[in-house]
Amino acid sequence: MRPFAYDRPDTAAAAVAAVADRPDAAFLGGGTNLVDHLRLGIADPGLLVDVTSLTSTEIVDIDGGLRIGAGVTNADLAADPRVRARLPVLAAALLSGASGQLRNMATTGGNPLQRTRCPYFQDPASACNKRVPGSGCAAIGGATRNHAILGASEHCIATHPSDMAVALAALDTQVRILGPDGGRTLAFTDLHRLPGDTPEQDTELAHGELITAIDVSYPRGRHAYRKVRDRASYAFALVSVAAVLDVVDGTVLDARIALGGVAHTPWRAVRAEDTLRGGPATEEAFAAAAEAELADARPQPGFDGGNAFKIPLARRTLTATLRQTTPRETA
Amino acid sequence: MDPELTLTVDGATHTTTCDTRTSLLDLLRRRLGITSPKKGCDHGQCGACTVLVDGRRVLSCLTLAVTRDGAEVVTAAGIDGPLPQAFQEADGFQCGYCTPGQVCSAAGVLDEHARGWPSVVTADLTDTPALDDAEIAERMSGNLCRCGAYKGIREAVRTAAGAATR
Ligand SMILES: Cc1cc2nc3c(=O)[nH]c(=O)nc-3n(C[C@H](O)[C@H](O)[C@H](O)COP(=O)(O)OP(=O)(O)OC[C@H]3O[C@@H](n4cnc5c(N)ncnc54)[C@H](O)[C@@H]3O)c2cc1C
Ligand code: SF4
Ligand code: FES
Ligand code: FES
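Everything numeric here is computed off the predicted structure, so don't read it as measured data.

## Regarding the interface of chain B and chain A
Note on interface size: it is often stated as the accessible area lost on association of the parts.
Item 1. Each side of the interface is counted separately: chain B has 37 residues, and chain A has 37 residues.
Item 2. Among the residues of chain B in contact with chain A, Arg21(B), Leu62(B) and Leu125(B) are the three that bury the most area, contributing 22% of the side total.
Item 3. Joining chain B to chain A, the criterion identifies two salt bridges.
Item 4. The partner of Arg56(B) in a salt bridge is Asp76(A), and the shortest N-O contact between them spans 3.2 Å.
Item 5. Between the two partners, chain B and chain A, sit 21 residue pairs in polar contact (both at pLDDT 80 or more).
Item 6. At the level of elements, β4 (56-59) and α3 (99-114) of chain B are the ones that each hand at least two residues to the side of chain B that touches chain A.
Item 7. The leading source of residues in the side of chain B that touches chain A is β4(B), at four residues.
Item 8. Looking at side-chain class alone, the side of chain B that touches chain A contains twelve nonpolar, 17 polar and eight charged residues.

## As for helix α1 (residues 12-21) of chain A
Residues and elements named next belong to chain A.
Item 1. Within α1 the residues assigned to the buried category are Ala 12, Ala 15, Val 16, Ala 18 and Val 19. Summarising the axial view, the buried residues of α1 lie within an arc of 165 degrees, below the 170-degree limit, and thus occupy one face.
Item 2. The secondary structure elements touched by the buried residues of α1 are β2 (25-28), β3 (47-50), β6 (173-179) and β8 (210-217).

## What about the packing of aromatic side chains?
For any pair of aromatic rings, the description consists of the separation of the ring centres together with the inter-plane angle of the planes.
Item 1. Evaluated as defined, the whole model comprises zero aromatic pairs over all chains.
Item 2. Positioned above the aromatic ring of Tyr218(A) is the side chain of Arg86(A), whose terminal nitrogen or guanidinium carbon lies 3.8 Å from the ring centre.

## What about the site of ligand 1?
Item 1. With respect to spatial proximity, 34 residues lie near ligand 1, and among them Phe27(A), Gly31(A), Thr32(A), Thr107(A) and Asp163(A) are the closest.
Item 2. The environment around ligand 1 is built from residues contributed by chains A and B.
Item 3. In the model, an oxygen atom of ligand 1 is placed 2.9 Å from a nitrogen or oxygen of the Asn33(A) main chain.
Item 4. Starting from 990 Å² of accessible surface for ligand 1 in isolation, the protein chains cover 94%.
Item 5. Where the shell around ligand 1 is concerned, the elements lending two or more residues are β2 and β8 of chain A.
Item 6. Grouping the constituent residues of the shell around ligand 1 by class yields 14 nonpolar, 16 polar and four charged.

## Quick look at the UniProt feature "domain: FAD-binding PCMH-type" (unreviewed entry) in chain A
Item 1. UniProt records the feature "domain: FAD-binding PCMH-type" (unreviewed entry) at residues 1-221 of chain A, using the numbering of this structure.
Item 2. Helix makes up 23% of residues 1-221 of chain A and strand makes up 19%, while its end C-alpha atoms are separated by 49 Å.

## With respect to the pairing of strand β4 (residues 59-62) of chain A
Residue and element names in this part refer to chain A.
Item 1. By the bridge criterion, four bridges tie β4 to strand β5 (residues 65-69) in an arrangement that is antiparallel. Bridge pairing in β5 links Val 60 to Arg 67.
Item 2. Between β4 and the antiparallel strand that follows it, β5, lie two residues; Gly 64 among them carries a positive phi value of about 75 degrees.

## Description of the pattern of salt bridges
Residues and elements named next belong to chain A.
Item 1. Applying the stated rule across the entire model yields 30 salt bridges over all chains.
Item 2. The salt bridge partner of Asp 202 is Arg 115, with a shortest N-O separation of 2.8 Å. With a gap of 87 residues between them, Asp 202 in the loop between β7 (182-187) and β8 and Arg 115 in the loop between α6 (100-105) and α7 (164-170) connect regions that are remote in the sequence.
Item 3. Ionic pairing is found between Arg 323 and Glu 283, a salt bridge with its closest N-O pair at 2.6 Å. Here Arg 323 is found in helix α10 (residues 310-324), whereas its partner Glu 283 is found in helix α9 (residues 283-294), with 40 residues between them in sequence.
Item 4. Residue Arg 323 is classed as partly exposed on the basis of its relative accessible area of 43%.

## Here's the deal with the sheet that holds strand β5 (residues 72-74) of chain B
All names here are of chain B.
Item 1. One open sheet holds the five strands; their spatial order is β2-β1-β5-β3-β4, and the pairing between them is mixed. Sheet topology places β2 (12-17) and β4 at the edges, where each strand pairs with a single neighbour. For this sheet the average axis-to-axis angle between neighbouring strands, irrespective of direction, equals 35 degrees.

Calculation criteria
- Residues numbered from 1 in each chain as written.
- Chains lettered and ligands numbered in written order.
- Predicted model: local features only at pLDDT ≥ 70, side-chain atom pairs only at ≥ 80, totals over all residues.
- Heavy atoms only, no water.
- Contact = heavy atoms within 4.5 Å.
- Buried area = accessible area lost by both parts, 1.4 Å probe.
- Salt bridge = Lys/Arg side-chain N within 4 Å of Asp/Glu carboxyl O.
- Polar contact = N/O pair within 3.5 Å; in protein donor to acceptor, adjacent residues only side chain to side chain.
- Helix = DSSP H or I, 4+ residues; strand = E, 2+ residues; numbered from the N terminus.
- Nonpolar A, V, L, I, M, F, W, Y, C, P; charged D, E, K, R; others polar.
- Buried < 20%, exposed > 50% of the residue type's maximum accessible area, 1.4 Å probe, protein only.
- Arc of directions from axis to C-beta.
- Phe/Tyr/Trp six-rings, centres within 6.5 Å; stacked < 30°, edge-to-face > 60°.
- Lys NZ or Arg CZ within 6 Å of the ring centre and 35° of its normal.
- Near = heavy atom within 4 Å.
- Areas by Shrake-Rupley, 256 points an atom, 1.4 Å probe, with all protein chains shown as cover.
- UniProt positions renumbered as here; feature names shortened; annotations may be inferred.
- Pairing = 2+ DSSP bridges.
- Axes fitted to C-alpha atoms, helices over the stretch in contact; angles between N-to-C directions.

This is the structure in structure tokens:
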């Protein structure tokens, strides 16, 4: 590991200036992803700027929702009574991620910015366009169980690993950002990007831009988060679904749906939402919505058997999650 | 020049210098000679290195020591009373390598439960459920045991929690 300097400035503005000034500087949140990357030898910053104590660790009420400081830990967010009562999809997504120890460390700013768990990305000896642009993609035709079925490119087929981000993508969420030229706000669904021919860029954030807080509105409707994985706990999602369905008298007034484990971004399921809105909340409608969302899904062949299984898995998980959000007529 | 930092570990205060790259785990074990926390994977995947920092269970392998200047660290060696005793009585270990991490994690679980935190298996997230086997298994899932002593570990946590059986 290359030696690095460590700094803990007093203000967000000072942290932004410190990182913006040096191309090899990085923000440090809970460190659960970045410290692992230092040790794996896939990140080698010359300066770490610790932002855990200078971004807010408070969750405050705003009009119709919450403002979550970037320094709030995943554990504290999931335990907040307002989140548990009014944003249960977010609480459940957080609680399904990682472990109790990791959630005590991971932050609101760091979690959505964690990088892919693609094993070739994590192995400095493998070709990887995300890690070394232009070096190729060892995942294509390799072990693809954890790779994308939607929105992949010929340059990168990685998936985004976060659970929290799937819930945030389904909700009405805004990201508050401070950069060298001042503040801006970005819709959460515009934060992450598809790989295209620049997979090295996970998000729309420029170097030196700091997430200071995340604003989430309370939606109407019933919430569900469902995560399918290779073991019952402490494992990343093969497929996950966050859904909030507002059903009145059997009619879907509004639907908010996102999928995890299937794409380079937390995948907002716009087609499924459009299919459902205004129609009946029935098993047939749920199946049609899932069908519509997965219509363009493409499997990745791989020596591990590939990931074609994920297409029906995503379809069924989506249908099952929608069912979970709908009160049953008879018990 | 290496930064200086002060830590309280199991009640004793230590002031030392360390390279910014040093993990809290390596600082404890190699610099301070406190070998209770174990290195299993060094990548956040096993829980053997779990300690309490300022009262919360965390992974010392993914914690840079320099970020915790002034912190109060508790290792399994600093926990006494019913919890380690329950591990002994329930045979909550075999080789013992994962045990210090299990004990620190269990202390965290009991504290989180006392604060009313739910887990992902809690049916109603606004509820604080009893610590039954399913809740304990989920809350302890960040601690792997190669010997597979999980049955005893669950029992130890249940006993320590004073919760009703299954
Ligand atoms: C064994 C293991 C299992 C896991 N399982 C899961 C799982 O099942 N589900 C899941 O969702 N996650 C899982 N995780 C990942 C974990 O949730 C993330 O590592 C964590 O959320 C990252 O947050 P952090 O604060 O530690 O980020 P850091 O590691 O500190 O930072 C991550 C990135 O974000 C940048 N950054 C941090 N804060 C800011 C900010 N405020 N503004 C701008 N940039 C910032 C950093 O520079 C870095 O690039 C697992 C991790 C491990 C080790
Ligand atoms: S899928 Fe993306 S992250 Fe994985 S090896 Fe290919 S380019 Fe790298
Ligand atoms: S050594 Fe820290 S989690 Fe394995
Ligand atoms: S007792 Fe041997 S690893 Fe758990």
